[in-house]
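An overview of the molecular structure
Residues per chain are reported as follows:
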Amino acid sequence: MRLVVTSLGEGPPVVLLHGLLGAGQNFGAVQKALAADGFRVLALDLRNHGASPHADGMAYADMAADVAETLQAEGAWPATIIGHSMGGKVAMALALTRPEGVTRLLVADIAPVHYPAPLFNAYIAAMRGLDLRPGLARREADAALVPAVPAAPLRAFLLQNLDFAQAPPAWRIGLEEIAAGMPEIAGWPDLPGSYDGPVLVLAGERSDYIQPQHTALFRRLFPAARHASIPAGHWLHAENPPAFLAVVRDFLAGQASAAP
């Protein structure tokens, strides 16, 4: 499946893959900065997200195949792949299934393991439960999400997926397909092989998504993996953009160092 892409700059290709319920635009500042550094930076909307097509199934092998098809069509193959959260799992699946298309891999705050997803299930249930009536205002939709999503920035993040220009408002994303695919999104497939290229696993210091016990699994799948962290939570590129960008720039220059 061909995905929607925003491409900026010229030079070696760098690909940005967003997390669950996000879109390529979430990397807007990073994309502009790296394009100014002399890279061609492609921000993709993964299936059922952003402006990309909707489809049944959220299997990581299928999402990786979408990315591969899109990058080949864009003439951006091979490329450096940077993925956050769900996008990090897609990036890892791409490296394992199509290693010839991945020159370097940066995985942001996710591990190749199964995660319980009670919070995201609650968020999705609240989104599905919104009364999308004609005349619904953003402030009303925001207020309706408060019981399930107390944090205002997170509500704003979720509501970016709701098109208020339509009458009645409608979700841009494949919300029903995402809801049905949550077991696949939370999980991790048993993919054969390993990826031997340069890999940086970047954690948020205030996040618990990457645990010490995950190190052995990373090393088995990605023998050259290095680990680093920055002062941030799970949404590290949004919570600490300067630190995130500094690490990415070092990695692209081949200078990323391992954390102790």
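Before reading on, note that the structure itself is shown above.
Quantities reported herein were computed from a predicted structural model and do not represent experimental measurements.

**Let's talk about the side chain of His-234**
Within the fold, His-234 resides in the loop between strand E9 (225-230) and helix H10 (236-239). Side-chain polar atoms of His-234 contact the side chain of Asp-109, separated by 2.6 Å. Contacts of His-234, omitting those with residues within four sequence positions, involve His-84, Ser-85, Asp-109, Ser-207, Tyr-209 and Glu-239.

**A few points about the sheet that holds strand E3 (residues 40-45)**
Taking strand neighbours across the sheet as the criterion, the seven strands line up as E1-E3-E2-E4-E5-E8-E9 in an open arrangement whose pairing is mixed. Edge positions in the open sheet fall to strand E1 (4-8) and E9, since each of these has one partner strand only. Sheet twist, expressed as the average angle between the axes of neighbouring strands with direction ignored, equals 20°. In the sheet, E1 pairs with E3 via five bridges, with the strands oriented antiparallel. From the neighbouring strand, Leu-8 faces E3, where its bridge partner is Val-41.

**Looking at the environment of Leu-119**
Here Leu-119 is to be found in helix H4 (residues 118-128). Measuring from C-alpha to C-alpha, the distance between Leu-119 and Val-149 comes to 8.9 Å, with 30 residues separating the pair along the chain.

**Describing the pattern of salt bridges**
If the charged atoms of two oppositely charged side chains come close together, the side chains can form a pair. Tallied over the entire structure, the rule returns nine salt bridges. Note that Arg-155 and Asp-142 form a salt bridge whose closest N and O atoms lie 2.9 Å from each other. You can see Arg-155 sitting in helix H6 (residues 152-159) and its partner Asp-142 sitting in helix H5 (residues 138-145), a full 13 residues away along the chain. In this structure, the salt-bridge partner of Arg-172 is Asp-163, at a minimum N-O distance of 3.9 Å. On the basis of relative accessibility, which here comes to 15%, the residue Asp-163 falls in the buried class.

**A look at the pairing of strand E5 (residues 102-108)**
Across the seven residues of E5, six count as buried, placing the element largely inside the fold. For strand E4 (residues 79-84) and E5, the ladder comprises six bridges, and the chain directions are parallel. For His-84, the partnering residue across the bridge sits in E5 and is Ala-108. The parallel pair E4 and E5, bridged by helix H3 (residues 86-97), forms a crossover whose chirality is right-handed. The pairing of E5 with strand E8 (residues 199-204) spans four bridges and is classified as parallel.

Analysis parameters
Sequence order sets the numbering: in each chain, residues are counted from 1 along the sequence as written. pLDDT decides what is reported in this predicted model: residues at 70 or higher carry local features, side-chain atom pairs at 80 or more are listed and counted, and totals for whole chains, interfaces and linings draw on all residues regardless. Excluded from the side-chain calculation are hydrogens and water; included are all heavy atoms of the structure. Numbered from the N terminus, helices here are DSSP runs of H or I no shorter than four residues, and strands are runs of E no shorter than two. Nitrogen and oxygen atoms within 3.5 Å of one another constitute a polar contact, given that in protein one can donate a hydrogen and the other can accept it, and given that sequence-neighbouring residues count only through two side-chain atoms. Contacts: residue pairs with any heavy atoms within 4.5 Å of one another. Between any two strands, pairing holds if DSSP finds at least two bridges. Axis geometry follows a simple rule: fit a line to the C-alpha atoms, using only the stretch in contact for helices, then measure angles between N-to-C directions, giving values from 0 to 180 degrees. By definition, a salt bridge exists where a carboxyl oxygen of Asp or Glu is found within 4 Å of a side-chain nitrogen of Lys or Arg. Using a 1.4 Å probe on the protein chains alone, a residue whose accessible area is under 20% of its type maximum counts as buried, one over 50% counts as exposed, and one in between counts as partly exposed. A clockwise path from the first strand over the helix to the second, with the strands pointing away from the viewer, defines a right-handed crossover.

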